[in-house]
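So the chains spell out like this:
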Amino acid sequence: MAFEELVKLGEYVWEVPQDAALRMRVPGRIFLSEVLMQHLERGAIQQVANVATLPGIQKWSLAMPDVHTGYGFPIGGVAAFDVSEGVLSPGGVGFDINCGTRLLVTTLFKEEIEPRIDELITTLFEAIPSGLGSKGPLRLSEKELNDVFFGGAKWAVNQGYGNPVDLKHCESNGCLDGADPAKVSPLAKKRGKPQLGSLGSGNHFLEIQCVDRIFDKKAADLFGLKEQQVCIMLHSGSRGAGHQICTDYLKMFQAASRKYSIALSDKQLACVPADSQEGRDYFSAMAAAANYAWTNRQVMSFWVRDVLEQKFNTTATLVYDVAHNIAKLEKHTIDGERKEVYVHRKGATRAFDKDESYGIEQPVLIPGSMGTASYVLHGTKKAMSTTFGSTCHGAGRVLSRKAARRSLTWKNVTEGLQRKHIAIKTHDLSSVPEEAPEAYKPIDEVIDVVSKLGISEAVARLTPMGVIKG
Amino acid sequence: MVLLDEVELNKTCTIKIGSDSYENLLYDWLAELLITFEIGRFAGKKCVVRIVGLSLTPDFLGERLDPIRHRLNAEVKAVTYNNLAVTKNEIYHAEVTLDV
């Protein structure tokens, strides 16, 4: 699809008109500054238009400022589907179901950690399994795995991997209702069983960060964040279990889409009516994977706390945990009417104006690329009315992994990190270029756009001190 | 995936796959190979494929994965339908995107 098709509606709002492609039921909206516009791919515009063709879509097919081409849905894509007329699409959630971000804040300050950063990152690297095919040290029975799928982070807390208050600081309290382990295939269970409590590979990471700027003191105080305070950010998901669940249902939905006479612009958009047996089965399996992911991050947090206790005689408090690959049943006001919809967020973060965790707007966690800043923000009313309560999820790729490996070397990238006094640990140095800042859009620009759009507001900026790259 | 230099051909793993189109046959085959690697812990190096109609009987040659001796490169997490295409002229041409 050509760039000329886009119509500028406002400083940061671009429309893909409803007549830009066949069968579009609603227009598309892409949120970009002029700087970010330079990184927009034709493929991503086409994917925004393709999503707009799906039955039951409400208002717009949306793309956040970190948008880039994905499989089926674009990364950064948000779409809401009517609960009875709409569809559920595994491609609208992604392979890594409930890939998400978690932030823990320590009682330590930058000057205390700086001289011991290598020791801390090395101990964390030894404590938390990471890298290609990494496996967790937990040995779960079949029943325990089913309990994880059903109960989410609560299972981990009940087993002693955390505090009950942690659950209050997780999106959906770390458990999506409606999970049914019986809808998860034996293969998905086999892939997920040995991996609980592991970071994984690719763009998954653990980062030691320091709060370097506070933008909203009231919210920062409530979230427990002070300038120079040291935090730990985790980015991981549902590992092989989520990937297999997505694979299983994508395959099943190829035939099911035909059965329900749903015309697809892209096989990866395979979907079924949400209100069908296949739709209910997928939602139950997806919720199980989401719960696995919350458990995974909860278990890794326990090991982070264990290391902090052993090395610094202190602990860490969970600030928040967000999902950025998920479909959720939510109520939104659409054309003046309260409606139940399935909101698909694929590489997008929920940004609600109200949340029980702190009694104010919902905390939002946005990681930058390796070696750049990350942000804590909060949701807004504007997000509720313009993006179904959603914002970006990260910086967003500009180079494919292959292109990054071709144009950058791990030596140059690690030297760049060293110049910024950022320690790095990884089992796979050759993959380091894939996550280099040059492979991503500038995070500060992405945050500037979501702030100026008013779909989330910055609370604090965090800069990296050490990174474990999965 | 495993770097092939260190993989020896001392074991054969045979998978039989049938599907309703060449594209789905390719998808199902690659998805099986992923499972064979991740759950079956089989490091494959060479594949001899027989295609009859819409069924595929590949002999996958390699050995049991040895985490000490075998070096892993990129981790393939899933096979996708993204731009999936198979065409047959004198030989088969396939296009597939893997999620890594």
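Coordinates for the structure precede this section.
Residue numbers here run from 1 along each chain, matching the order of that chain's written sequence. Here the convention is simple: chains get letters from A, ligands get numbers from 1, in the order in which they are written. Thresholds applied to this predicted model are a pLDDT of at least 70 for local features of residues and 80 or more for the giving and counting of side-chain atom pairs; totals over whole chains, interfaces and linings are not thresholded and use all residues.

Asker: Now, about the pairing of strand 3 (residues 42-52) of chain B: what can you tell me, with residues and values included?
Answerer: The two faces of the sheet receive side chains in turn, since in a regular strand these alternate between them. Residue and element names in this part refer to chain B. Strand pairing is assigned whenever DSSP identifies at least 2 bridges connecting the two strands. By definition, any uninterrupted DSSP run of H or I lasting at least four residues is a helix, any uninterrupted run of E lasting at least two residues is a strand, and each is numbered from the N terminus. In this structure, strand 3 lies alongside strand 4 (residues 55-64), joined through 10 bridges in antiparallel fashion. The residue bridging Gly44 from the neighbouring strand is Gly62, located in strand 4. In textbook terms, the turn of a hairpin is the stretch between consecutive antiparallel strands, and for strand 3 and strand 4 this stretch comprises two residues, one of which, Gly53, has a positive phi near 60°.

Asker: Tell me about helix 2 (residues 42-51) of chain A, residues and numbers included.
Answerer: Residues and elements named next belong to chain A. A large share of helix 2 lies buried, amounting to eight of its 10 residues. Partly exposed residues are those whose C-beta has more than 12 but fewer than 20 other C-beta atoms within 10 Å; with 20 or more the residue is buried, with 12 or fewer it is exposed, and the C-beta atoms are placed from the backbone. Considered for burial, the residues of helix 2 that qualify are Ala44, Ile45, Gln46, Gln47, Val48, Ala49, Asn50 and Val51. Packing partners of the buried residues in helix 2 comprise strand 2 (13-16), strand 3 (28-31), strand 4 (61-68) and strand 5 (75-82). A pair of residues counts as a contact when their C-beta atoms, built from backbone coordinates, are separated by no more than 7 Å.

Asker: Break down the nonpolar core for me, citing the residues and quoting the values.
Answerer: Generally speaking, a soluble globular protein has its nonpolar side chains buried in company with each other. All names here are of chain A. Counting residues in hydrophobic clusters, the biggest one holds 174 residues, and the most contacted among them are Ile245, Met286, Ala289, Ala290 and Val376. The dominant element in this core, judged by the number of residues it contributes, is helix 11 (residues 277-312), at 17 residues. Excluding residues that lie within four positions of it along the chain, Ala289 makes contacts with Ile97, Asn98, Ser238, Ala241, Gly242 and Ile245. Definition of nonpolar core: a set of buried Ala, Val, Leu, Ile, Met, Phe, Trp, Tyr and Cys residues joined via C-beta atoms within 7 Å.

Asker: Any details on the interface of chain B and chain A? Residues and values, ideally.
Answerer: Contacts between chain B and chain A engage 15 residues on the former and 17 residues on the latter. By residue number, the principal contributor to the side of chain B that touches chain A is helix 1 (residues 22-38) of chain B, which donates three residues. Following the grouping adopted for this structure description, the nonpolar residues are Ala, Val, Leu, Ile, Met, Phe, Trp, Tyr, Cys and Pro, the charged ones are Asp, Glu, Lys and Arg, and the polar ones are all others, Gly among them. Considered class by class, the residues forming the side of chain B that touches chain A number nine nonpolar, two polar and four charged.

Asker: An account of unusual backbone geometry is requested, with residue identities and associated values reported.
Answerer: Residues and elements named next belong to chain A. Phi angles above zero are rare outside glycine, and Asn173 is one such case at about 55°. For Asn173, the location among the structural elements is in the loop between helix 7 (164-168) and helix 8 (186-192). If you check the backbone angles, Asp335 has positive phi at about 50° while not being a glycine. Counting through the fold element by element, Asp335 comes out in the loop between strand 12 (325-334) and strand 13 (337-346). For Asp335, a count of 7 C-beta atoms within 10 Å translates into the label exposed.

Asker: Provide a residue-level description of helix 10 (residues 239-259) of chain A, including the pertinent values.
Answerer: Residues and elements named next belong to chain A. Multiply 1.5 Å by the residue count of a helix minus one, and that product is the helix's expected span. In this model, helix 10 (21 residues) spans 31 Å end to end at C-alpha, consistent with the 30 Å of a helix rising 1.5 Å per residue. A residue's bend is given by the angle between axes fitted to the 7 residues ending at it and the 7 residues starting at it. At Phe253, helix 10 shows its largest kink, close to 35°. Burial runs high along helix 10: 15 of the 21 residues are buried. Among the residues trailing helix 10, Ser261 stands out with phi positive, at a value near 55°.

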